[in-house]
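Each chain is listed here by its residues.
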Amino acid sequence: MPHAHILVFMEKGSKFPTADDIDKIISAEIPDKTVDPDLYVIVGDCMMHGPCGAAKKDNVCMVNGKCSKIFPKPLNIRTSIDANGFPAYMRRIDGRFIEKNGIRLDNGFVVPYNRDLMLRYRAHMNVEWCVQTRAVKYLLNYIHKGPDYASAAMDKEDEDGVIDEIKTYYDCRYITACESSWRILAFPTHFRTTSVEKLGFHLPDQELVFFDEDETIESILNKKTVNQTMFLAWFIANRKYAEARELTYAEFPTKFVWKSGTREWVPRKRGFAIGRIAHIQPSGDELYFLRVLLNWVRGPTSYEDIRTVDGVLYHTYEDACYALGLMDDDKEFIEAIKDASDCSSATYARKLFARMLVSKSLSQPHVVWEATWEYLTDDILYKKRRETGRPDMNLTIDHLLSNGRSLKKWPHMPKPENFGDYNGNRLIDDELNYVVEDQLKENERLMAMITDEQRGVYEQILDAVLNDSGGVFFLYGYGGTGKKPSVYRALSSAIRSKGMIVLNTASSGIAALLLEGGRRTYIPDLVFR
């Protein structure tokens, strides 16, 4: 359904900083039916969640026996704001209720709304108050998730009214009216205001030289000497032009332009461009350290000049980086994590930190952790509240410090309690993570589809597993009929619904994809534990 997520930034004099201010624009209570009858009807039709929980355990919001939206909300005599910037709206015990599907819902099931918007638009409009960056990030989650997709099927009936078993499926991209109009009218969807010059570089005698397979060695060597690369031409320009000696390699395109025909840098007469030095992973060793220096050293005329610091010629580019103090304190990585946390989720920030670790980017990982752990863990409270269904839950710093904060490979990193007790078998952890209720529903669906012959096979194998009698079973069927995967999936869901482990394996990747949790291997099709 077309909808929008809108974040409104208020002017300084129009903000609502206190709990009393919030009550002026946001309500989470059922209106008085006698005083405001129109609003009472609209809230009942559009702003009541559920019923769910113990009253209706099969509602779409239920996950693992709990409401994924954490309803019903706790009742409060007044609005308050917790230490993490999340509001707890006023939901008083006033005896009002709205009946849905024969179940009475009180103020704990009201989705926060604005009275004026409700009366004007008569539609579902959830209004929330947010003041901290961490709250804004989660509100913007849907904006950045990409376009919506839908799966559509066409059923064709014959003259007898029987549905044809052959169906045609389409992957559809849903485009809203606003976006489609924008594209039909050919309005720009993106633009670039400044030219960007990609700057290549290389270590001594490691430049790329292109040649034909029948060229002679003399011709190749001559081509290498004559055809200066963009990087080597930079050295020449630094010798030739006085103004070039004040520029780093990345700054060079702002004053000079690269002529590919003559393969040289010449002073820029018009226009503007910025330089972007080609990215190199920290695992690139000397090439990576050369790139770091190119953003710092101005006007060198040779490779040796780049490695020279205060008149001292260092043997490696890494030594020169440390002599300049560029790699001592990991400040750039700390700032990178903080910047990422401001505009993305903590999950992304943690992935960024992990990539820094495995790519050997950090000289002192534990120092970076101590400076950024609050940014890397700021969604733990949010997730714990959703998992436990307790919106009033709070975690102490001690709790955060003792959970999931380190890796065994870095001895200086702090470790949680009983760190060594974990057996490290992620395969077992993943297999035990299936939701029992979901597996039961999947088993019921599959059992309604299998044949009597398949049911006999299913019952015989399942009996051997549950009674621990063991056995080796060989299922025979024509390829491509989908009969064996149906039995496999039914067996897997039945056994997983009992908290047991099933390892689905197949000798080909395609077959493994047909089985939930399937893997490619060369052992028998099913292994039970």
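Everything below is about the structure printed above this text.
I will try to describe carefully the structure that is included in this document. This is a predicted model, so every value here is computed, not measured.

### Quick word on the overall build of the protein
Summing up its helical and strand segments, the protein has 20 helices and 17 strands in all. Split into buried and exposed, the 529 residues of the protein put 32% on the buried side. In the protein, the share of contacts with a sequence separation of at least 24, taken over all contacts with a separation of at least 6, comes to 59%. For the protein, the computed accessible surface area is about 34800 Å², with 53% contributed by carbon and sulfur atoms.

### Description of a nonpolar patch on the surface
Together, Trp182, Ile184, Leu185 and Phe187 make up an exposed nonpolar region whose accessible area comes to about 460 Å². Relative to the helices and strands, Ile184 resides in helix H5 (residues 177–184). Its relative accessible area of 69% is what places Ile184 among the exposed residues.

### A few points about the packing of helix H12 (residues 346–358) against helix H13 (residues 365–376)
Remark: H12 packs on H13, axes separated minimally by 11 Å, with the N-to-C direction vectors making an angle of 170 degrees. By the angle between their directions, the pair H12 and H13 is classed as roughly antiparallel. Of the residues in H13, those touching H12 at Ala346, Ala349, Arg350, Phe353 and Leu357 are Pro365, Val368, Trp369, Tyr375 and Leu376. Residues that form the contact of H12 with H13 fall into these classes: 9 nonpolar, no polar and 1 charged.

### Some remarks on unusual backbone geometry
The omega torsion across Gly50 and Pro51 is 10 degrees, close enough to zero to call that bond cis. Along the polypeptide, Pro51 turns up in the loop between helix H2 (37–46) and strand E1 (62–63). For the bond running from Phe71 to Pro72, omega is -5 degrees, close enough to zero to count as cis. Take Pro72: it is sitting in the loop between strand E2 (66–67) and strand E3 (80–81). A positive phi is found at Asn101, a non-glycine position, where the angle reads about 55 degrees. When you line up the elements, Asn101 lands in the loop between strand E5 (98–100) and strand E6 (103–105). For Asn101, a relative accessible area of 64% puts it in the exposed group. Here Ala186, not a glycine, exhibits a phi torsion of approximately 60 degrees, which is positive. The topology assignment puts Ala186 in the loop between H5 and strand E9 (195–199).

Definitions and limits used
- Residues numbered from 1 in each chain as written.
- Predicted model: local features only at pLDDT ≥ 70, side-chain atom pairs only at ≥ 80, totals over all residues.
- Heavy atoms only, no water.
- Helix = DSSP H or I, 4+ residues; strand = E, 2+ residues; numbered from the N terminus.
- Buried < 20%, exposed > 50% of the residue type's maximum accessible area, 1.4 Å probe, protein only.
- Contact = heavy atoms within 4.5 Å.
- Areas by Shrake-Rupley, 256 points an atom, 1.4 Å probe, with all protein chains shown as cover.
- Patch = residues over 30% accessible without salt bridge, like charges linked within 9 Å, V, L, I, M, F, W, Y side chains within 5 Å.
- Salt bridge = Lys/Arg side-chain N within 4 Å of Asp/Glu carboxyl O.
- Axes fitted to C-alpha atoms, helices over the stretch in contact; angles between N-to-C directions.
- Parallel < 35°, antiparallel > 145°, perpendicular 65-115°, else oblique.
- Nonpolar A, V, L, I, M, F, W, Y, C, P; charged D, E, K, R; others polar.

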